[in-house]
Amino acid sequence: EAGVAQSPRYKIIEKRQSVAFWCNPISGHATLYWYQQILGQGPKLLIQFQNNGVVDDSQLPKDRFSAERLKGVDSTLKIQPAKLEDSAVYLCASSLATGHGDTEAFFGQGTRLTVV
Amino acid sequence: QQQVKQSPQSLIVQKGGISIINCAYENTAFDYFPWYQQFPGKGPALLIAIRPDVSEKKEGRFTISFNKSAKQFSLHIMDSQPGDSATYFCAGAASGTYKYIFGTGTRLKVLA
């Protein structure tokens, strides 16, 4: 079974520039998450999709961050304009979320963003 | 904000020793408590998980102990090995939302 694919693996940009991250979840997984992991901290949920609808984006800084999940499959996360404090690893995860008991979230390797 | 508090921040254990990591949660709606293991440069991977209807779950050298009344749970790694050196995250989630709230992580180093 193929895992969650993310690209790029690394990105260095200057502050005020824009950047986009891409995620391809595991086939058939209805739920897709974007997490921000700052060095030395736990993953923080930015946005959660169920199919192509947003379930929770309460922690997403909407003045600069946006995300979409077209056709309920791939997703992109965009930052515009980037700030120094956005330097972090951006993790994408997906889960079946069938509504029947436990549902494991599978994570991609992440995109390490450095804003200089 | 729903929180999951995790301790210690870092842990050094001798090979063959027991590693213990503790977590406490606030949200009583949580009914699924996974532990994730993360190696440098990799995404977190599920290690073991528990539901509050049981007080303990064991898988190989890894055991979760759960105390519902105290809203606490812990991970025990028996016979710790250098290959266990990684960062461990506890999390809580509520059925239906599948929204995972992670702890701050514990960096474990097992000395050979």
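Residues numbered from 1 in each chain as written. Chains lettered and ligands numbered in written order. Predicted model: local features only at pLDDT ≥ 70, side-chain atom pairs only at ≥ 80, totals over all residues. Heavy atoms only, no water.

1. Focus on the nonpolar core
One finds B:Trp35, B:Phe73, B:Leu75 and B:Tyr88 to be the most contacted residues of the largest nonpolar core, which totals 25 residues. Elements represented by at least two residues in this core include exactly strand S2 (10–14), strand S3 (19–25), strand S4 (33–38), strand S5 (45–50), strand S7 (62–67), strand S8 (72–77), strand S9 (86–92) and strand S11 (106–111) of chain B. In contact with B:Phe73, other than residues within four places in its own chain, are B:Ile21, B:Asn22, B:Cys23, B:Tyr25, B:Phe33, B:Trp35, B:Ile64, B:Ser65, B:Phe66, B:Cys90 and B:Ala91. In terms of nonpolar packing, the next biggest core, distinct from the first, is built from 21 residues, A:Val19, A:Phe49, A:Leu60 and A:Phe65 among them. (Core = buried A, V, L, I, M, F, W, Y, C linked by side-chain atoms within 4.5 Å. Buried < 20%, exposed > 50% of the residue type's maximum accessible area, 1.4 Å probe, protein only. Helix = DSSP H or I, 4+ residues; strand = E, 2+ residues; numbered from the N terminus. Contact = heavy atoms within 4.5 Å.)

2. Focus: the state of the cysteines
Under the criterion given, the structure shown has two disulfides over all chains. The disulfide partner of A:Cys23 is A:Cys92, and the gap between their sulfur atoms is 1.9 Å. Looking along the S-S bond of the A:Cys23-A:Cys92 disulfide, the torsion reads about -70°, which is the left-handed sense. Placement of A:Cys23 in strand S3 (residues 19–24) and of A:Cys92 in strand S9 (residues 88–95) is noted, with a sequence separation of 69 residues between them. There is a disulfide in this structure between B:Cys23 and B:Cys90, and the S-S distance comes to 1.9 Å. The sign of the -95° torsion about the S-S bond sets the B:Cys23-B:Cys90 disulfide as left-handed. Of this pair, B:Cys23 sits in strand S3 while B:Cys90 sits in strand S9, and the two are 67 residues apart along the sequence. By the burial criterion, B:Cys23 is buried, and B:Cys90 matches it. (Disulfide = S-S within 2.5 Å.)

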